[in-house]
Amino acid sequence: MRDELALQALRHAQDDHLTRAQILQCGGTDEWIEAQLAGRRWVRVTRKVFRTTTGAPTPRQRERAALLCAGSAAALSHHSAARRWGLPVPESEPVHITVPYGHSSDPHPGVTLHRSRAFDRIVVDTEDMPTVSAADTCVDLAVLRDDARAAMRTVLHATLGMKVDAPRLRAVLEVRRPRRYATVLRHAARLLDEGVTSMLEALYAVDVEAAHGIPAGQRQFPVMVDGRQRFEDIRYVLPGGDLITRLDGFRWHSDRHVAVTDRARDNAAELAGRARLTFGWDEVHGRACAVASIQMTRMRQLGWEGPAEDADLCRCLRAA
């Protein structure tokens, strides 16, 4: 006799999915399973996993099905783990699952399978769905990229979006020591230590500073504005005086208070004799070389002896 209460509990816990083994253990039969499928009450996911509702599956149901298809030792990873840790991921992205190295798994359309020798260490055993840790996910996403600069952008975007700090990222790099982009990932941890706090600052550090041989400035430099401590994004100490570079995220957080504060910082910099430049998302994201040219020109005016005008630009991270 089928244990309907047990089956219902499993369906509730597994987002309306059951495995063949679970059904048989609860007193169901293969004939009963086939009857549910023939009656269009269930949907066959694979030969061993069934969804007990019809219609298009939700993202969570896709993830649950992938885990059940992969077997007892499986965890959400890569883009699927990133979504669970709060990073926006398109729904069109396949479900990514990691299993222990050497583990076999049922093929499942729409699922990308990864294998890891460090499975037991990298998986967070949640009560809901096993998931690769946020810090390990940052590294996993970066090493998938085709070049070093893309890997740098990815790991910074992931760490900032999932709130992974430099010590946690560095700890993962020490234990796992990725074969690809190790230099880049260590540099990303240094940038986080130095005070990179937004994707705009991260893009500037990668595509403007590192890509063009500009030495890293002092990030989150404290200044006094109207008797209160504020912070400038980047300060360059040069022979002819300081240069303040402000990265203006006004497009996303514009309001009157921010605008007043920015004008006050401009006035304070002027009174203190500090040169200043301001760049926004559109310039840094779309015209990084032009931003670097302006930045280097002003730095040379203040005594910096950097790369010549005909230097081989945009060849950063060659040692990665």
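- Looking at an unreviewed UniProt entry, the protein carries the name Transcriptional regulator, AbiEi antitoxin, Type IV TA system, with the source organism given as Actinomycetospora atypica.

Quick look at unusual backbone geometry
1) Next: In this model, aspartate 15 sits at a positive phi of 55°, which is unusual for a non-glycine residue.
2) Next: Counting through the fold element by element, aspartate 15 comes out in the loop between α1 (4–13) and β1 (17–19).
3) Next: Given a relative accessible area of 15%, aspartate 15 falls into the buried group.
4) Next: We note that aspartate 16 has phi near 65°; this positive angle belongs to a residue other than glycine.
5) Next: Relative to the helices and strands, aspartate 16 resides in the loop between α1 and β1.

As for helix α10 (residues 182–194)
Owing to its 3.6 residues per turn, the α-helix brings residues three or four apart onto one side.
1) Next: Between its first and last C-alpha, α10 extends 19 Å over 13 residues, near the 18 Å set by a 1.5 Å rise per residue.
2) Next: Residues Val184, Leu185, His187, Ala188, Ala189, Leu191 and Leu192 constitute the buried set of α10.
3) Next: Positive phi shows up at glycine 195, right after α10, with a value of about 115°.

Considering the sheet that holds β1
1) Next: Read across the open sheet, the three strands follow the order β1-β3-β2; overall the sheet is antiparallel. Every other strand in the sheet has two partners, leaving β1 and β2 (43–46) as the edge strands with one partner each. In this sheet, adjacent strand axes meet at a mean angle of 30° when their direction is disregarded.

Re the layout of surface pockets
1) Next: One number sums up the size of the largest pocket: a volume of about 580 Å³.
2) Next: As for the largest pocket, its lining consists of 18 residues, of which Arg115, Ser116, Asp140, Val143 and Arg176 are closest to the centre.
3) Next: Within the residue set of the lining of the largest pocket, elements represented by two or more residues are β6 (111–116) and α7 (134–143).

Section: the nonpolar core
1) Next: Membership of the largest hydrophobic core comes to 32 residues, with the highest contact counts inside it found for Met152, Val155, Leu156, Met162, Val164, Leu169 and Leu185.
2) Next: For this core, the secondary-structure elements that each account for two or more residues are α7, α8 (148–162), α9 (166–176), α10 and α11 (199–212).
3) Next: Per element, the largest residue contribution to this core is seven residues, and it comes from α8.
4) Next: Counting 21 residues, the second-largest nonpolar core is a separate cluster that includes Ile214, Leu277, Ala288 and Ala292.

A word on the pattern of salt bridges
Where charged atoms of side chains with opposite charge meet at close range, the side chains can pair.
1) Next: Within this structure, the stated rule accounts for 19 salt bridges.
2) Next: The closest approach of N and O atoms between arginine 170 and aspartate 193, which form a salt bridge, is 2.3 Å. Remark: aspartate 193 occurs in helix α10 and arginine 170 occurs in helix α9; sequence separation between them is 23 residues.
3) Next: For arginine 170, a relative accessible area of 33% corresponds to the partly exposed category.
4) Next: We classify aspartate 193 as partly exposed; its relative accessible area is 48%.
5) Next: The partner of glutamate 194 in a salt bridge is arginine 219, with the nearest N and O atoms 3.7 Å apart. One end of the pair, glutamate 194, is in helix α10; the other, arginine 219, is in strand β9 (residues 218–225), with 25 residues separating them in the sequence.

Rules and cut-offs
- Residues numbered from 1 in each chain as written.
- Predicted model: local features only at pLDDT ≥ 70, side-chain atom pairs only at ≥ 80, totals over all residues.
- Heavy atoms only, no water.
- Helix = DSSP H or I, 4+ residues; strand = E, 2+ residues; numbered from the N terminus.
- Buried < 20%, exposed > 50% of the residue type's maximum accessible area, 1.4 Å probe, protein only.
- Expected span 1.5 Å × (residues − 1).
- Pairing = 2+ DSSP bridges.
- Axes fitted to C-alpha atoms, helices over the stretch in contact; angles between N-to-C directions.
- 1 Å grid on protein atoms, 1.4 Å probe; cavity = no way out; pocket = protein on both sides within 12 Å on 5 of 7 lines; lining within 4 Å.
- Points joined across faces, edges and corners; volume = space filled by probe spheres on them.
- Core = buried A, V, L, I, M, F, W, Y, C linked by side-chain atoms within 4.5 Å.
- Salt bridge = Lys/Arg side-chain N within 4 Å of Asp/Glu carboxyl O.

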